[in-house]
Amino acid sequence: MDVPSFLTRLRPRALRALRLLGRPGFHLFLTGILMVLGFVLAHRLSERSGREQLSALSTERLELYASNLAAELGRHASLPSLLAIDPTLQALLQAPDDEAARRAASRMLARVNVRAGTHQIFLATPQGEVLAASEALSPPARLAEALAQGRVHFFAADPGTGSTDFYLLHPVRQAGQPAGVIVVRFNLAPLEATWVDLGLRSQGERILVADDQDVVIMSSVQAWKYAVLDHADPSRRRALQASARYPQAIGPDLELPASLEVQQGQQVRLPLPGAKPMLAQQRQIVPLGLRLVALSDLSEVRQRAQYAAWGGAAFGASAGLLVLYLASRRRALRQLTQAQAALRQTHAQLEQLVDSRTKELRQTNEALKTQIAQRLKTEGELLQASKLAVLGQMSAGLSHEVNQPLTALRALARNSIRLLDSGRHDAVSANLQIMDDMVERMSRITSQLKSFARKADEQVAGAVVLLDCVRNALLLLEHRSRALDLQTDIDIPQGLRVRAEANRLEQVLVNLFGNAIDAMQQQPERRLRVRAIALDGGQRVLVQVQDSGAGVDAERLPHLFEPFFTTKPAGEGLGLGLVISAKIVHEFGGTLRADRLPRGMSFAFDLAVDGWGVDGAPAAAAQGNTRSGPALSQEDANV
Ligand code: ADP
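What you see is a predicted model; the values in this text were computed from it and never measured.

(A) Summary view of the packing of helix 3 (residues 87-94) against helix 4 (residues 99-116). Packing of helix 3 against helix 4 brings their axes to within 9 Å, and their N-to-C directions diverge by 150 degrees. Regarding the angle of helix 3 to helix 4, the classification is roughly antiparallel. Between helix 3 and helix 4 lies a crossing of left-handed hand. Contacts from Thr-88, Leu-89 and Leu-92 in helix 3 reach Ala-101, Arg-102, Ala-104, Ala-105, Met-108 and Leu-109 in helix 4.

Next comes the structure, spelled out in structure tokens:
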């Protein structure tokens, strides 16, 4: 698969995986990646800079060691040439077998050796035979080889101490011919000791000097002395062991690379047990044919790199968590802004809604006010209209009520005139009494009519005698009740006073009685019962009007108190009587209700009692004195 198509296939998968992780999972994943990156980067950077620092330090030290060694070796470079012209030695060379000359030369060399601080100075023949020496030390085995090779200096191991000595050679000529050689011997052990000391102080830095055979001749680590710097195969090892330069035991192979970088250094691990990785650097000291190698311990650099790596991981984690925090903060801010915007919008909508609703309410209020005003006006007018309707209905009966007494009055008046003429004063007086009663009755009817026709709101509610109101109402309808041969049964205490306004209470009663009379028109039995029943321990009274009329269907019953509901023929009923009556009763603080009887209807309303009169308790309700007909059947009384 080619790379672009692989990426195109990988992308949806990666996206799906990220989607599966979710936002917190993604951030944790990111934090993990940042931690790993931080770890790796910090480790790398720290290790690199540590290596660079160590390498720079090591280079400086190498320079120091090299100059140290060069200075140490160069300190006496001119000594052999100076001694070569010494007359004592010249004399000895001219008479090599002269014992006195040998002793004199040896003494002189011993003095110089002490003054110069060298290890040994001797004069030898060109073949290597010692003629005079500052110390009675045997010459190195390598001397003959060095003389044969014409060397001016060489190193050789001291078989006694195991330390490396440096030898400076200077030929002495006489008459142009080589006559002898002056050899100055230095012991490098003190210098080596300072390196051991330095190495210890510089925390694990090792220094070693290898000769042209790549054998370590000086080292801050004793175990590495005479080790092979790189690798020695058996034949080379044998040759080295046979060489006069070194002691018999040649050390282990250090396996260092043949070419070591001077500046950057190179990481090496010596093939020794427990060896740690080290940074190796070398410096050539060409005139002496030596190589100076410094090995610096990398453990500290590595440890610092570890610390830095954990620091980097912690930084990565912090960065990840910071990103997580910033992202969640941004999300929270965005949500807050959105919520604020939504709130502002809702607030604006609400304000708009409230404005429009307030406006609507104001309009509705205005409309309601207007309607109420109209309704009040209409109600007042309707009340008046209903009264007029009742008055209209009554007018026929009234004319009869008035005309009949008038005819009787006329007859009685004429009769009285005649009786006066005949001097029968007693009879005239009796006639006049009858006439007075009749006039009284007529005036009562007219006054009722007058008060009934007045507008309701002109009246003031007070205490009225219930029985009087009932009687007045019956009186207004007397012409109809008489025509119908109505039997009335009134069961109301004589002095019972109720909180009401007489005219309007009478209006209610006239309505109820009128409806009862209407309902009983076609009935064979016509009985009207009006009674007062004490409620709330005599605080209130229930006025009940029952008839034996045609009654009302169960379906029509709920509609009785609806305006303009009537079953009567046009012109006879308006359908307002019960509505107005219920309203008046309501204004008195009571409720008007209708109930069906097995035969007929029962209308009842409650009123506040002002007093029960002289009869007192409702139990002592007056009976019989107002009765004008037989009592209702037991069946009715049970309702
Ligand atoms: P109207 O008498 O002008 O019809 P009402 O409001 O007084 O108006 O009465 C409404 C209707 O209730 C009457 O048409 C009648 O059908 C019925 N109603 C009222 N009282 C009685 C009653 N006592 N018996 C039977 N029906 C009645």
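(B) The arrangement of a positive patch on the surface in detail. Judged by side-chain charge, Arg-103, Arg-107, Arg-111 and Arg-115 come together as a positively charged surface patch. Topologically, Arg-111 is positioned in helix 4. For Arg-111, a relative accessible area of 48% puts it in the partly exposed group.

(C) The site of the ligand, seen in detail. Lining the immediate environment of the ligand, one finds 19 residues, of which Asn-515, Asp-547, Thr-566, Thr-567 and Lys-568 sit closest. Within the contact set of the ligand, a nitrogen atom lies 2.8 Å away from a side-chain nitrogen or oxygen of Asp-547. With respect to the ligand, the backbone of Leu-578 contributes an N or O atom lying 2.9 Å from an oxygen atom. Out of a free accessible area of 530 Å², the ligand has 93% covered by protein chains.

(D) Here's a closer look at the sheet that holds strand 2 (residues 130-133). Spatially, the 5 strands line up as an open sheet ordered 2-1-5-4-3, and their pairing is antiparallel. The sheet is open, and its two edges are formed by strand 2 and strand 3 (153-157), each paired on a single side. Within the sheet, the average angular offset between the axes of one strand and its neighbour, ignoring direction, is 25 degrees. Two strands pair when backbone bridges link them, and strand 3 and strand 4 (residues 164-174) are joined in this way by 5 bridges, in the antiparallel orientation. Looking at the pairing, Phe-154 lines up with Tyr-167 of strand 4. Its contacts with the sheet place helix 3 against strand 1 (120-124), strand 2, strand 4 and strand 5 (177-187), and it is angled at close to 70 degrees to strand 4. Seen against the sheet, helix 4 touches strand 1 and strand 2 and runs at an angle of roughly 50 degrees to strand 2.

(E) Up close: the environment of Leu-198. Position of Leu-198 among the secondary structure elements: in helix 6 (residues 189-201). Assessed through its relative accessible area of 25%, Leu-198 is described here as partly exposed. Each C-alpha atom of the pair Leu-198 and Ser-220 lies 8.6 Å from the other, and the pair is 22 residues apart in sequence.

(F) Local environment of the pattern of salt bridges. Counting across every chain of the model gives 24 salt bridges. A salt bridge links Glu-300 to Arg-304, with the shortest nitrogen-to-oxygen separation between them at 2.9 Å. Taken together, the residues Glu-300 and Arg-304, both in helix 8 (residues 299-421) and 4 residues apart, mark about one turn of the helix. Close ionic contact of Arg-482 with Glu-478 constitutes a salt bridge, the shortest N to O distance being 3.3 Å.

(G) A look at the packing of aromatic side chains. Per the counting criterion, the structure on display carries 5 aromatic pairs. Ring centres of Phe-154 and Tyr-167 lie 4.7 Å apart, and the angle between their planes is 10 degrees; this geometry places the pair in the stacked category. Of this pair, Phe-154 sits in strand 3 while Tyr-167 is found in strand 4, placing the two residues 13 residues apart along the sequence. The residues Phe-154 and Tyr-167 share a single accessibility class, namely buried. Connected via pairs of aromatic rings, a cluster forms that spans Phe-155, Phe-166 and Phe-186.

Rules and cut-offs
- Residues numbered from 1 in each chain as written.
- Predicted model: local features only at pLDDT ≥ 70, side-chain atom pairs only at ≥ 80, totals over all residues.
- Heavy atoms only, no water.
- Axes fitted to C-alpha atoms, helices over the stretch in contact; angles between N-to-C directions.
- Helix = DSSP H or I, 4+ residues; strand = E, 2+ residues; numbered from the N terminus.
- Parallel < 35°, antiparallel > 145°, perpendicular 65-115°, else oblique.
- Left-handed = near helix turned anticlockwise from the far one by under 90°.
- Contact = heavy atoms within 4.5 Å.
- Patch = residues over 30% accessible without salt bridge, like charges linked within 9 Å, V, L, I, M, F, W, Y side chains within 5 Å.
- Areas by Shrake-Rupley, 256 points an atom, 1.4 Å probe, with all protein chains shown as cover.
- Salt bridge = Lys/Arg side-chain N within 4 Å of Asp/Glu carboxyl O.
- Lys, Arg positive; Asp, Glu negative; His and termini not counted.
- Charge placed at Lys NZ, Arg CZ, Asp CG, Glu CD.
- Buried < 20%, exposed > 50% of the residue type's maximum accessible area, 1.4 Å probe, protein only.
- Near = heavy atom within 4 Å.
- Polar contact = N/O pair within 3.5 Å; in protein donor to acceptor, adjacent residues only side chain to side chain.
- Pairing = 2+ DSSP bridges.
- Phe/Tyr/Trp six-rings, centres within 6.5 Å; stacked < 30°, edge-to-face > 60°.

The values reported here are purely geometric and, on their own, carry no functional implication.
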